[in-house]
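Each chain is listed here by its residues.
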Amino acid sequence: MKFILVRHGKSNWDTNHTDHDRPLAPRGIRAAEKIGHWLVSKGHLPQTVLCSTATRTRQTWEVIRKLVPTPEEEVFVPALYGASPGMMLKHLQNAKSGTVLMVGHNPGSAELANIVLRKPPQSLQFFRFPTCATMVCEFPNNEWNDINPEEAHLLDFVVPREL
């Protein structure tokens, strides 16, 4: 089972929106496009998408969605907005399909990335998990509800700046 974790793209701070409603900045849109192309080139294609309801996470997914094959299921989860890694893991454990992409926020995304892997890479970018950072890992289990922390092994990790 493959898990793709994407932190939302860079958001626009020059708005009068609430934090939840803050949109992507042009840089965030370009970064999400790079990630979408990278996912396709690597064959990391989601069957299910779990996305926070915040505007910037939804927009990040919308940009990526234009570039990847249509997933079987898209779920916009209010509880993923500002979620703890435990809450994010709980929603992942409720997934049904083989490849799940989750779009979330920091610090939860960075913390979740670190706790699911058996051995996190020794990369400052990985521990920071900057905007639009994307981790792809694989769990040995056959069912999402059987996954636990420190079971997955890293397949890929990228930040848009490297693309």
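Right above here is the structure, for reference.
Residues numbered from 1 in each chain as written. Predicted model: local features only at pLDDT ≥ 70, side-chain atom pairs only at ≥ 80, totals over all residues. Heavy atoms only, no water.

Caption draft 1: Up close: the overall build of the protein. Counting its secondary structure elements, the protein contains five helices and six strands. Taken from the N to the C terminus, the helices and strands of the protein come in the order β-α-β-α-β-α-β-α-α-β-β. For 163 residues, the compact-globule formula gives about 15 Å, and the C-alpha radius of gyration of the protein, at 14 Å, lands near that figure. When the backbone C-alpha atoms are referred to their principal axes, the protein occupies close to 45 × 30 × 30 Å. Taking the average place of the 18 positive charges on the side chains of the protein and the average place of its 16 negative ones, the gap between the two points comes to 7 Å. (Helix = DSSP H or I, 4+ residues; strand = E, 2+ residues; numbered from the N terminus. Rg over C-alpha atoms; globule rule 2.2 N^0.38 Å. Lys, Arg positive; Asp, Glu negative; His and termini not counted. Charge placed at Lys NZ, Arg CZ, Asp CG, Glu CD.)

Caption draft 2: Highlighting the environment of Thr131. Counting through the fold element by element, Thr131 comes out in the loop between α5 (124-128) and β5 (134-138). Relative accessible area serves as the criterion here: at 19%, Thr131 is assigned to the buried category. Expressed as a C-alpha distance, the spacing of Thr131 and His105, which sit 26 residues apart in the sequence, is 8.6 Å. Not counting chain neighbours up to four residues away, the residues in contact with Thr131 comprise Arg7, His8, Gly9, Lys10, Arg27 and Pro160. (Buried < 20%, exposed > 50% of the residue type's maximum accessible area, 1.4 Å probe, protein only. Contact = heavy atoms within 4.5 Å.)

Caption draft 3: Seen up close, the environment of Arg58. Following the sequence through the fold, Arg58 ends up in helix α2 (residues 55-65). For the pair Arg58 and Phe76, spaced 18 residues apart in sequence, the C-alpha to C-alpha distance is 8.0 Å. Ignoring any residue separated from it by four or fewer positions in sequence, one finds Arg58 in contact with Cys51, Ser52, Thr53 and Phe76.

The quantities given are spatial measurements derived from coordinates; they are silent on function.
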